[in-house]
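# Observations on chain architecture
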Amino acid sequence: MTLALFLVDALPPGPAFTLDGPEGRHAAAVRRLRAGEELLVSDGRGAVARCAVVAAGKDSLDLTVAERWDEPPPRPRVVVVQALVKGDRGELAVELATEAGADVIVPWRAARCVARWDDGPRGEKALAKWRATAREAAKQARRAWVPEVPEPVGLAELAELVRASELGVVLEADRATRLAELALPESGDLVLVVGPEGGVAPEEIQALEQAGGRAVRLGPTVLRTSTAAAVALGALGALTARWR
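Heads up: these notes are all about the structure in this document. (Residues numbered from 1 in each chain as written. Predicted model: local features only at pLDDT ≥ 70, side-chain atom pairs only at ≥ 80, totals over all residues. Heavy atoms only, no water.)

With that settled, consider the pattern of salt bridges. This model, assessed by the stated rule, comprises twelve salt bridges. Residue R45 is joined to D43 by a salt bridge in which the shortest nitrogen-to-oxygen separation is 3.7 Å. Here R45 falls in the partly exposed class, since its relative accessible area comes to 49%. Its relative accessible area of 14% is what places D43 among the buried residues. The closest approach of N and O atoms between E160 and R163, which form a salt bridge, is 2.5 Å. (Salt bridge = Lys/Arg side-chain N within 4 Å of Asp/Glu carboxyl O. Buried < 20%, exposed > 50% of the residue type's maximum accessible area, 1.4 Å probe, protein only.)

Structural data, given as structure tokens:
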């Protein structure tokens with residue numbers, strides 16, 4: 001069985017340390033790890049340690065480090081731009097995209113979004129949920145890299161992201177060109193834009209194409225906005241060196 005992974009702000013140096021706080025409590029009280037069992041500890045930025053439990057407390061574990069390594073970030077880096085989604089489908093989109101390997105997940109205030117993140121406490125709460133979802137999904141997927149979830153962007157900021165990338169891809173079901181037909185970059189940023197349930201507005205597609213983006217379809221079926229990024233990430237894993 002794959003070892004459980006726990007996230008810390010910084011991986012402690014030295015041959016031994018104590019895992020405490022929320023992660024230590026989860027490992028000791030929920031997962032009930034005991035002396036002799038092993039686990040992984042990561043800082044979410046590529047550093048990983050395989051550790052053995054020496055002693056288990058009520059809400060902490062004393063660990064010895066058996067092995068350390070650094071996992072390089074995938075290439076190309078995939079920046080998922082996810083349109084805001086009403087209800088828990090936004091968090092589902094973040095969860096699936098994280099498990100499928102997204103490196104950055106950017107919330108997008110698209111024109112046809114039903115959901116609106118207002119500036120202030122409500123918007124901050126929604127963003128915090130996306131960030132917490134990405135962190136938990138990275139743990140579930142045993143990922144050494146936790147996706148960054150920055151502040152939401154509008155069309156102008158998104159166009160700048162596309163312009164600065166190696167390739168910007170806008171998923172749109174009515175396009176003739178398929179994702180698999182594109183020449184994909186080997187490094188740098190690949191920006192993957194997923195619109196809301198109503199699709200990306202024509203003026204948004206025009207602005208992103210003027211910034212150098214390509215509007216393409218993913219496959220023969222129409223996907224929900226909450227699943228499109230994950231399916232596209234699977235395709236990109238096979239079409240690029242990300243999974244090799």
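The structure having been displayed, the exposition proceeds.
The subject of this paragraph is unusual backbone geometry. Of the consecutive residues R75 and P76, the connecting peptide bond is found in the cis state with omega at -5 degrees. Mapped onto the fold, P76 is located in the loop between β5 (61-70) and β6 (77-83). Unlike most non-glycine residues, R32 shows phi in positive territory, near 55 degrees. Despite not being glycine, R142 has its phi angle at roughly 60 degrees, a positive value. Examined against the element boundaries, R142 turns out to sit in the loop between α3 (121-140) and α4 (155-164). (Helix = DSSP H or I, 4+ residues; strand = E, 2+ residues; numbered from the N terminus.)

A few words now on the side chain of R242. As for its position among the elements, R242 is in the segment after α6 (225-239). A polar contact is formed between the side chain of R242 and the backbone oxygen of P76, at a distance of 2.7 Å. At 2.6 Å, the side chain of R242 and the backbone oxygen of G101 are in polar contact. Each residue touching R242, except ones within four places of it in the same chain, is listed here: P74, R75, P76, R77, V78, G101, D103, L233, L236 and G237. (Polar contact = N/O pair within 3.5 Å; in protein donor to acceptor, adjacent residues only side chain to side chain. Contact = heavy atoms within 4.5 Å.)

Take the packing of helix α2 (residues 89-100) against α3 next. The relative placement of two packed helices comes down to the angle between their axes together with the axis-to-axis distance. As a packed pair, α2 and α3 sit with axes 8 Å apart at the nearest point and diverge in direction by 35 degrees. The way α2 lies across α3 gives a crossing that is right-handed. Where α2 abuts α3, its residues G90, E91, V94, E95, T98 and E99 lie against K129, W130, T133, A134, A137, A138 and Q140. Here the contact of α2 with α3 is composed, by residue class, of five nonpolar, four polar and four charged. (Axes fitted to C-alpha atoms, helices over the stretch in contact; angles between N-to-C directions. Left-handed = near helix turned anticlockwise from the far one by under 90°. Nonpolar A, V, L, I, M, F, W, Y, C, P; charged D, E, K, R; others polar.)

Shape descriptors only; they carry no functional weight alone.
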